[in-house]
Amino acid sequence: MMFTSNPFVEISASIPPAVMQAYVVLMILLVAAGTLFDVVHKGSAKYFFENWRKSIGKGARPLGGGEMMSIAVKTGVVDVLTSGEFCNPRRRIAHLLGMYGFVIYVVTTAILIFRYPTPATPAPAILPILWWIGGLMICVGGYWFWFFIRADVAAEGRSPFRLMRADLFILSLLGSATLGLIWAFLQSRGMTGAGLCFGLYILATTVLFAGVPWSKFAHMFFKPAAAFEKRVSEANGTVKNLPTQTRDDPAQRERHSMELLRDAPMDMGLGIKREAPRHY
Amino acid sequence: MPTFVYMTRCDGCGHCVDICPSDIMHIDKTYRRAYNIEPNMCWECYSCVKACPQHAIDVRGYADFAPLGHSVRVHRDEQKGTIAWKIKFRNGTEKNFLSPITTKPWGTAIPKLAEVPGPSKEMREGHLLYNEPKYIRMDDGGLHTLRSAGLKMKKGVYY
């Protein structure tokens, strides 16, 4: 029952649905405003387009519309939908869990609040189930990341639990999902503390969406842009001045200095990446 | 010419921290990205540049002899067993190099020294070094020379 009942219906007795809907709209506006402020304040878009213009000036091969389209599709499918930029598979899985969990959680929250806000409009069972699954996915991916995968700061003599502004996004996201789930659980059981959890849930959610200019939230907008720019630079040959010659080219394999690799396999193994960097 | 990190490319994996012989590549305590804590102690060995899986580390030239516009970038492709360099001069000249870094798959040519028997008393007291005469092939008809191999020294660079 707990997983199939809409948690926002019970709270609608004390908070009118219109207030909840206004809150969701306010959060969307805060994200949009925060992202725009971030772009203007840090000059990130200016830097991005200046870099783009410079790369064109550096003798880059001009790309056609079709090529640009295929790069955009590849960026969308590989870099955005499957988090293809991650080298570490554990980080990638944790990110996918967090990302899809967040999308499911936010979308189902919005649908439940806007479409099925009162007991008179019962929500199909699948929506609250998806809301729970989304929240749990955020928790699994987020806590896994936070406790086991995060960049190691202990090596720098800092407690892993020392909090700072860089943690604002992940912690407010985890706070929002965890407190939301605890609140729904307590409320469905009629246990005390549900009201307190709801208050903390709203606080964490507000921090998450209102903290965009100071947190990592905006990465969902600028990371795809950076991935697209990276793919374009690979396609037009500038590649940030990185070397492009490889052993895949038969002409390179025939060169005298490559003689030693004539019979070598094309995949020589992982080299130093065979071990995780844990020696410092 | 110390190293620096493109913060947008770095993901804080720690390979550079692991490999830096001067121990000056560290993870920033706030942003959790790598940075060079002591650029004037960097001896430009390029270890971190080659180790970085994201190509997030670059080396900047001193402003007095390497003005903006030049670039020296490297890609150590371990899967292919090659290292490639692209050198861009400030006059626009571009040089590309590709060389092998290993001829065998990684980890297949590690000598199993623990299995090698220790030197005997005579070997310890002898004048030969470890693996002599095997490695200089003195037991294989003397030193291998151009003459013994039927080759002749030629003038100039040739292949």
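Predicted model only: the values in this text are computed from it and were never measured. (Residues numbered from 1 in each chain as written. Chains lettered and ligands numbered in written order. Predicted model: local features only at pLDDT ≥ 70, side-chain atom pairs only at ≥ 80, totals over all residues.)

## Some remarks on the overall build of chain B
Right, on to step 1. Per the secondary structure count, chain B includes three helices and seven strands.
Right, on to step 2. In chain B, the succession of helices and strands from N to C terminus is β-α-β-β-α-β-β-β-β-α.
Right, on to step 3. Its C-alpha atoms give chain B a radius of gyration of 23 Å, more than 25% over the compact-globule value 15 Å for 159 residues.
Right, on to step 4. Dimensions along the principal axes, computed over C-alpha positions, put chain B at roughly 60 × 45 × 30 Å.
Right, on to step 5. Classification of the 159 residues of chain B by burial places 22% in the buried group.
Right, on to step 6. Contacts in chain B between residues far apart in sequence, at least 24 positions, make up 43% of those at least 6 positions apart. (Helix = DSSP H or I, 4+ residues; strand = E, 2+ residues; numbered from the N terminus. Rg over C-alpha atoms; globule rule 2.2 N^0.38 Å. Buried ≥ 20, exposed ≤ 12 C-beta atoms within 10 Å, placed from the backbone. Contact = placed C-beta atoms within 7 Å.)

## Thoughts on the packing of helix H4 (residues 65-81) of chain A against helix H9 (residues 219-235) of chain A
Residues and elements named next belong to chain A.
Right, on to step 1. One can describe the packing of H4 onto H9 by two numbers: an axis separation of 9 Å at closest approach and a directional angle of 130°. Here H9 runs oblique to H4, going by the angle between their axes. Pair H4 / H9 crosses with right-handed handedness. Listed contacts from H9 to Glu67, Ile71, Ala72, Lys74, Thr75, Asp79 and Val80 of H4 are Pro224, Ala227, Phe228, Arg231, Val232 and Ala235.
Right, on to step 2. When its residues are assigned to classes, the contact of H4 with H9 shows eight nonpolar, one polar and four charged. (Axes fitted to C-alpha atoms, helices over the stretch in contact; angles between N-to-C directions. Parallel < 35°, antiparallel > 145°, perpendicular 65-115°, else oblique. Left-handed = near helix turned anticlockwise from the far one by under 90°. Nonpolar A, V, L, I, M, F, W, Y, C, P; charged D, E, K, R; others polar.)

## Regarding helix H8 (residues 194-210) of chain A
Residues and elements named next belong to chain A.
Right, on to step 1. Here H8 contains 17 residues, and its C-alpha end-to-end distance of 24 Å stays within 8% of the 24 Å for a straight helix at 1.5 Å per residue.
Right, on to step 2. Taken residue by residue, H8 has Ala194, Cys197, Phe198, Tyr201, Ala204, Thr205, Leu208 and Phe209 as its buried positions. All buried residues of H8 fall inside an arc of 130° around its axis, so they share one side. (Expected span 1.5 Å × (residues − 1). Arc of directions from axis to C-beta.)

## So, the nonpolar core
Right, on to step 1. With 29 residues, the main nonpolar core has Ile138, Leu173, Ala177, Trp183, Cys197 and Tyr201 of chain A as its most contacted residues.
Right, on to step 2. Listed by contribution, the elements that provide at least two residues to this core are helix H1 (7-11), helix H5 (89-114), helix H6 (126-149), helix H7 (168-189) and H8 of chain A.
Right, on to step 3. Those residues in contact with cysteine 197 of chain A, other than ones at most four positions away along the chain, are Leu179, Ile182, Trp183 and Leu186 of chain A.
Right, on to step 4. Counting 20 residues, the second-largest nonpolar core is a separate cluster that includes Ile27, Ala34, Ala56 and Ile57 of chain B. (Core = buried A, V, L, I, M, F, W, Y, C linked by C-beta atoms within 7 Å.)

## Quick word on the interface of chain B and chain A
Right, on to step 1. Of the residues lining the interface, 40 residues belong to chain B; the matching set on chain A comes to 37 residues.
Right, on to step 2. Listed by contribution, the elements that provide at least two residues to the side of chain B that touches chain A are helix H1 (15-19), strand S2 (25-27), strand S5 (71-77), strand S6 (82-88) and strand S7 (94-100) of chain B.
Right, on to step 3. Residues belonging to the side of chain B that touches chain A are distributed by class as follows: 14 nonpolar, 17 polar and nine charged.

## Points about helix H2 (residues 17-42) of chain A
Right, on to step 1. Relative to the 38 Å expected for 26 residues at 1.5 Å per residue, H2 of chain A spans 37 Å between its end C-alpha atoms, a close match to the ideal helical length.
Right, on to step 2. In the stretch just after H2 of chain A, glycine 43 of chain A is the one whose phi turns positive, near 70°.

## What to know about the pairing of S5 of chain B
Right, on to step 1. Where S5 of chain B and S6 of chain B come together, seven bridges link them in antiparallel fashion. Looking across to S6 of chain B, one finds that arginine 76 of chain B is bridged to isoleucine 83 of chain B. (Pairing = 2+ DSSP bridges.)

## Side note on the environment of valine 9 of chain A
Right, on to step 1. With respect to the helices and strands, the residue valine 9 of chain A is situated in helix H1.
Right, on to step 2. In contact with valine 9 of chain A, other than residues within four places in its own chain, are Thr118 and Pro119 of chain A.

## Considerations on the pairing of S7 of chain B
Residues and elements named next belong to chain B.
Right, on to step 1. Of the pairings in the sheet, the one linking S6 to S7 comprises seven bridges and is antiparallel in character. Bridge pairing in S7 places threonine 82 opposite proline 100.
Right, on to step 2. In this structure, the hairpin formed by S6 and S7 is closed by a connection of five residues, where glycine 92 is found at a positive phi of approximately 100°.

## A word on the confidence of the model for chain B
Residues and elements named next belong to chain B.
Right, on to step 1. Across chain B, pLDDT averages 86, with 93% of residues at or above 70.
Right, on to step 2. Of all secondary-structure elements in chain B, the lowest mean pLDDT belongs to helix H3 (residues 121-125), at 90, while helix H2 (residues 47-51) reaches the highest, 95.
Right, on to step 3. Interface scoring of the predicted complex returns ipTM 0.75; its pTM is 0.79. (pLDDT = per-residue confidence, 0-100.)

## Digging into the packing of H2 of chain A against H5 of chain A
All names here are of chain A.
Right, on to step 1. Close contact between H2 and H5 brings their axes to 9 Å; oriented N to C, the two are set at 145°. Helix-helix and strand crossings are classified by hand; for H2 and H5 the assignment is left-handed. Of the residues in H5, those touching H2 at Met20, Gln21 and Val24 are Ala110, Ile113 and Phe114.
Right, on to step 2. Among the residues forming the contact of H2 with H5, the class breakdown is five nonpolar, one polar and no charged.

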